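# Observations on chain architecture
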Amino acid sequence: HLQSRLKTRRHMKPASARSSSSSDSESDDDDDEINKFCLNCRTRGDFLKVCARCKSVYFCNSECQREAHKEHSKVCVSKAPAPLNLPKGMPAPKTEEEKKNEIEIETKRIETKLLPSVLNNNSSSSSSANKTNFGVGNPPEEALVDEFEDALVFAITNENESLERKCRIGLAHVYLYSSRAKEGLHYLEPVVEYYKREGTVEAVEPHVLAAECCVKLSSLLGDEDEQKEKFKERCKVELAAALDAATEYTQKDETKQAEILLRCGICLLDGKLFDKAIGVFIQASACAEKLNAHGIAARAKNRVGHALIQMKRPSDAIVAWKDELESLEKFKNNDDVKNESDKALDVKKAAFLKSMCHGNIFAAYAFLGAVDDARVHSNLAITNAKESGDANELKRTLVQQKATWDALNRDDMRAELEKVSVE
């Protein structure tokens with residue numbers, strides 16, 4: 001689909017044609033210098049002035065022009081283009097200046113509006129005006145996919161290599177969350193290769209994104225498929241490159257480093273590389289806590305707990321999730337948030353996340369047979385779900401807890417939950 005757009009919209013001369021055209025132009029300029037002489041006295045030199053009307057002959061000065069006027073006026077014809085006799089309603093062709101302005105306007109729109117709408121999705125900031133709402137289970141709208149495809153074609157057509165790389169990264173994002181990870185990886189390849197050679201802080205994003213595409217593709221394949229292992233290995237390579245770039249180029253921006261580490265850890269977790277994932281999450285958490293970025297720290301600790309559950313270590317997972325609760329409490333009481341409405345949002349968001357965290361601890365205690373501890377965190381999960389003001393979270397919490405007690409054949413505990421009102 002995108003290839004066909006490129007074929008129909010890309011009209012670029014090959015390098016050989018461009019160089020040939022350039023050399024021809026230089027040759028023409030030389031010829032002009034040789035043939036430039038005064039029509040009246042045949043004097044040559046750079047001081048000659050061109051005829052303002054026909055722009056084909058030269059004169060030393062106004063005196064020479066007057067002396068030659070009688071003969072020259074017979075052939076002097078203006079080179080101004082004849083007016084176009086266009087059919088009624090047909091717009092006049094755009095001038096080169098108009099075309100140039102249109103390209104500049106579209107380039108600015110892509111860089112300031114379209115690209116941030118996708119790339120800001122990876123930021124921990126919740127206040128981005130350009131941020132879109134898509135992710136796992138919530139694919140981007142088809143119109144957004146089309147817009148990024150058009151943007152990439154625009155960048156290639158206008159030979160804007162920097163913009164092309166950015167558009168490829170943005171398109172890979174929307175492809176990844178549109179269940180088109182293979183296409184995302186395909187259009188990302190030139191960017192990955194470019195940054196392997198250049199090596200700048202911008203290298204982090206394409207490497208992490210390539211790893212995310214590989215994880216997605218690996219998850220779609222059976223264990224016996226040879227491609228599955230290839231995607232897993234490629235994921236490790238891309239994450240190693242991303243971490244190297246993050247270490248080398250983001251030393252002065254620890255918040256950025258923490259976010260990158262968190263994304264790398266999620267890739268490792270999704271790829272079932274639990275030990276490595278836990279190590280990266282611990283790094284992300286430590287990095288975030290130095291800067292009081294408690295939201296990032298909480299997310300990292302949450303993922304540590306999930307990795308430990310996958311490794312069948314529920315007791316250790318409980319410890320990780322209790323650490324997460326501490327970070328969420330600090331996040332709620334963050335003094336750096338000055339705006340009262342933002343503070344209120346942070347309090348509700350913290351309550352929502354604490355509800356989920358208490359729910360995780362409840363389930364771990366329940367499966368360990370620690371019923372009293374499980375009951376404590378069951379009640380805390382319900383309380384925080386109510387404080388968050390999110391009715392869906394309260395319903396989800398109750399469904400999770402009922403399912404847990406059903407699995408453990410504890411009808412008595414399930415009966416207690418039936419008394420909780422969801423209003």
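## With respect to the overall build of the chain
Helix and strand content of the chain: 17 helices and two strands. Counting the 423 residues in the chain, one finds 38% classified as buried. Residue pairs in contact within the chain that sit at least 24 positions apart in sequence constitute 55% of those at least 6 positions apart. Approximately 24,600 Å² of the chain is accessible, and the part contributed by carbon and sulfur atoms is 51%.

## Quick notes on the pattern of salt bridges
One pass over the structure, following the stated rule, counts 18 salt bridges. Across the pair Lys 166 and Glu 111 runs a salt bridge whose closest N-O atoms are separated by 3.7 Å. Residue Lys 166 is found in helix H6 (residues 161-176), and its partner Glu 111 is found in helix H4 (residues 96-119); the two are separated by 55 residues along the sequence. Here Lys 166 falls in the partly exposed class, since its relative accessible area comes to 35%. You can call Glu 111 partly exposed: its relative accessible area is 34%.

## Re helix H15 (residues 371-388)
The α-helix advances 3.6 residues per turn, and as a result positions three or four apart in sequence lie on the same side. The first and last C-alpha atoms of H15 sit 26 Å apart over 18 residues, in line with the 26 Å expected at 1.5 Å per residue. Backbone geometry just after H15 places Gly 389 at a positive phi near 75°.

## Focus: the packing of helix H11 (residues 274-290) against helix H12 (residues 294-310)
It is the contact of H11 with H12, at a shortest axis distance of 8 Å, that shows an interaxial angle of 160°. Between H11 and H12, the interaxial angle falls into the category roughly antiparallel. The way H11 lies across H12 gives a crossing that is left-handed. Counted together, Phe 274, Ile 278, Phe 281, Ala 284, Ser 285, Ala 288 and Glu 289 of H11 and Ile 296, Ala 297, Ala 300, Lys 301, Arg 303, Val 304, Ala 307, Leu 308 and Gln 310 of H12 form the full contact between these two elements. Looking at the contact of H11 with H12 residue by residue, the classes come out as eleven nonpolar, two polar and three charged.

## With respect to the packing of H15 against helix H16 (residues 391-407)
Two elements in contact, H15 and H16, have axes separated by 8 Å at closest approach and are oriented at 160°. When the interaxial angle is binned, H15 and H16 end up roughly antiparallel. Crossing handedness for the pair H15 and H16: left-handed. Mapping the contact onto sequence places Val 371, Ala 374, Ser 378, Ala 381, Ile 382, Ala 385 and Lys 386 in H15 and Glu 393, Leu 394, Thr 397, Leu 398, Gln 401 and Trp 405 in H16. Counted by class, the contact of H15 with H16 contains eight nonpolar, three polar and two charged residues.

## Some remarks on unusual backbone geometry
Notably, Ser 179 is not glycine yet its phi reads approximately 60°, a positive angle. With respect to the helices, strands and loops of the structure, Ser 179 is situated in the loop between H6 and helix H7 (181-198). Of note in this structure, Lys 312 is not a glycine but carries a positive phi near 60°. Assignment of secondary structure puts Lys 312 in the loop between H12 and helix H13 (314-332).

## Quick notes on the environment of Glu 141
Counting through the fold element by element, Glu 141 comes out in the loop between H4 and helix H5 (142-157). The spacing of Glu 141 and Val 174 is 33 residues in sequence and 9.0 Å in space, taken between C-alpha atoms.

## Notes on the nonpolar core
If you look at the biggest cluster of nonpolar residues, it comprises 64 residues, and the most contacted ones within it are Leu 185, Leu 188, Leu 239, Cys 264, Phe 281, Ile 361 and Trp 405. In terms of residue count, the dominant contributor to this core is helix H8 (residues 204-219) (nine residues). Ranked by size, the runner-up nonpolar core spans 18 residues in total, among them Leu 152, Leu 163, Cys 167 and Tyr 175.

## Considering the side chain of Glu 164
By the element assignment, Glu 164 lies in helix H6. Classification of Glu 164 as buried rests on a relative accessible area of 19%. The contact partners of Glu 164, leaving out residues within four places of it in the chain, are Leu 152, Ala 155 and Ile 156.

## Remarks on the packing of aromatic side chains
What the rule picks out here adds up to three aromatic pairs. Taken together, a centroid distance of 6.1 Å and an interplanar angle of 40° make the contact between Tyr 175 and Tyr 187 tilted. In this pair, Tyr 175 is assigned in helix H6 and Tyr 187 in helix H7, connecting sequence segments twelve residues apart. Taken individually, Tyr 175 and Tyr 187 each receive the classification buried, so the pair is uniform in this respect.

Each value, and the rule that gives it
Residues numbered from 1 in each chain as written. Predicted model: local features only at pLDDT ≥ 70, side-chain atom pairs only at ≥ 80, totals over all residues. Heavy atoms only, no water. Helix = DSSP H or I, 4+ residues; strand = E, 2+ residues; numbered from the N terminus. Buried < 20%, exposed > 50% of the residue type's maximum accessible area, 1.4 Å probe, protein only. Contact = heavy atoms within 4.5 Å. Areas by Shrake-Rupley, 256 points an atom, 1.4 Å probe, with all protein chains shown as cover. Salt bridge = Lys/Arg side-chain N within 4 Å of Asp/Glu carboxyl O. Expected span 1.5 Å × (residues − 1). Axes fitted to C-alpha atoms, helices over the stretch in contact; angles between N-to-C directions. Parallel < 35°, antiparallel > 145°, perpendicular 65-115°, else oblique. Left-handed = near helix turned anticlockwise from the far one by under 90°. Nonpolar A, V, L, I, M, F, W, Y, C, P; charged D, E, K, R; others polar. Core = buried A, V, L, I, M, F, W, Y, C linked by side-chain atoms within 4.5 Å. Phe/Tyr/Trp six-rings, centres within 6.5 Å; stacked < 30°, edge-to-face > 60°.

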